[in-house]
Amino acid sequence: MIQEEIKHIILKGKLSGYSIGGGFLQVQWTSPELEQGEFWLFKFTSADNKLVSVSKINTRYVYTRRQARKYVPMIEDLVINLLKPN
């Protein structure tokens, strides 16, 4: 997936949920163009927050507990930072 496609997904969508484990941070992102029940999955390495992949999925993961909501602003910032030029 090219950078422009990723930017389009980020600008049109919003955070739907996330999962941390197995050395990865997986961020589920919604977008208006997607069919109901589909999501974009951004996969980052947990160690240095580098983007590994972006894929379309149609499975909603069971996401984190209530106390993990404190990470939401950090995760949104991480995805939004993909909009900045390298």
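Presented here is a report on the structure given in the accompanying data block.

### Quick notes on helix H1 (residues 3-12)
Working step 1: Taken together, the buried positions of H1 are occupied by Ile 6, Ile 9 and Ile 10. Taken end-on, H1 shows its buried residues confined to a sector of 95 degrees, consistent with a single buried face. What points out from H1, more than 90 degrees from its buried face, is the exposed set Glu 4 and Leu 11.
Working step 2: Packed against the buried residues of H1 are strand E2 (24-30), strand E3 (39-45), strand E4 (51-57) and helix H2 (72-80).

### Digging into the pairing of E2
Working step 1: Here E2 lies mainly inside the structure; five of its seven residues are buried.
Working step 2: Note: strand E1 (residues 14-21) against E2, seven bridges, orientation antiparallel. If you follow Ser 19 over to E2, its bridge partner there is Gln 26.
Working step 3: The turn linking E1 back onto E2 is made up of two residues, and Gly 22 within it adopts a positive phi angle of 65 degrees.

### A word on the sheet that holds E2
Through backbone hydrogen bonds, the strands of a sheet pair up, either in parallel or in antiparallel fashion.
Working step 1: In spatial order, the strands read E1-E2-E3-E4; together these four strands make up an open sheet with antiparallel pairing. In this open sheet, the two edge strands, each paired with only one partner strand, are E1 and E4. The mean angle between the axes of side-by-side strands here comes to 20 degrees, regardless of whether they run parallel or antiparallel.
Working step 2: Across the sheet, H1 lies against E2, E3 and E4, angled at about 115 degrees from E3, the strand it touches most.

### Concerning the pattern of salt bridges
A side chain with one charge can pair with a side chain of the opposite charge if their charged atoms come near.
Working step 1: Following the criterion strictly, the structure yields one salt bridge and no others.
Working step 2: In this structure, Glu 4 and Lys 7 form a salt bridge, with 3.8 Å as the shortest nitrogen-oxygen distance. With Glu 4 and Lys 7 both in helix H1 and three residues apart, this pair spans about one turn of that helix.
Working step 3: Among the residues examined, Glu 4 registers a relative accessible area of 53% and is labelled exposed.

### With respect to the nonpolar core
Working step 1: Among the nonpolar cores identified, the biggest contains 17 residues, and Ile 10, Leu 25, Val 27, Trp 29, Trp 40, Phe 42 and Phe 44 are the most heavily contacted of them.
Working step 2: Elements with a contribution of two residues or more to this core: H1, E1, E2, E3 and H2.

### Some words on the environment of Ser 53
Working step 1: Counting through the fold element by element, Ser 53 comes out in strand E4.
Working step 2: Counting along the chain gives 10 residues from Ser 53 to Lys 43, while the straight-line C-alpha distance between them is 5.3 Å.

Basis of the calculations
- Each chain carries its own residue numbering, running from 1 in the written order of its sequence.
- Only residues with pLDDT of at least 70 get local features here, since the model is predicted, and only at 80 or more are side-chain atom pairs given and counted; chain-wide, interface and lining totals rely on the full set of residues.
- Heavy atoms throughout the structure, all of them, feed into the side-chain values; hydrogens and water do not.
- Each residue is placed in one exposure class: buried if its accessible area under a 1.4 Å probe, protein chains only, is under 20% of its type's maximum, exposed if it is over 50%, and partly exposed if it falls in between.
- Only DSSP runs of H or I reaching four residues or more are called helices, and only runs of E reaching two or more are called strands; each is numbered from the N terminus.
- Here, the arc refers to the directions that run from the helix axis to the C-beta atoms.
- We call two residues contacting when some pair of their heavy atoms lies within 4.5 Å.
- Being paired, for any two strands, means DSSP has found at least two bridges between them.
- Comment: axis = line fitted to C-alpha atoms, over the contacting stretch for helices; angle = value between 0 and 180 degrees taken between N-to-C directions.
- Take a side-chain nitrogen of Lys or Arg and a carboxyl oxygen of Asp or Glu: if they are within 4 Å of each other, that pair is a salt bridge.
- For the purposes of this section, nonpolar cores are sets of buried Ala, Val, Leu, Ile, Met, Phe, Trp, Tyr and Cys residues that join through side-chain atoms within 4.5 Å.

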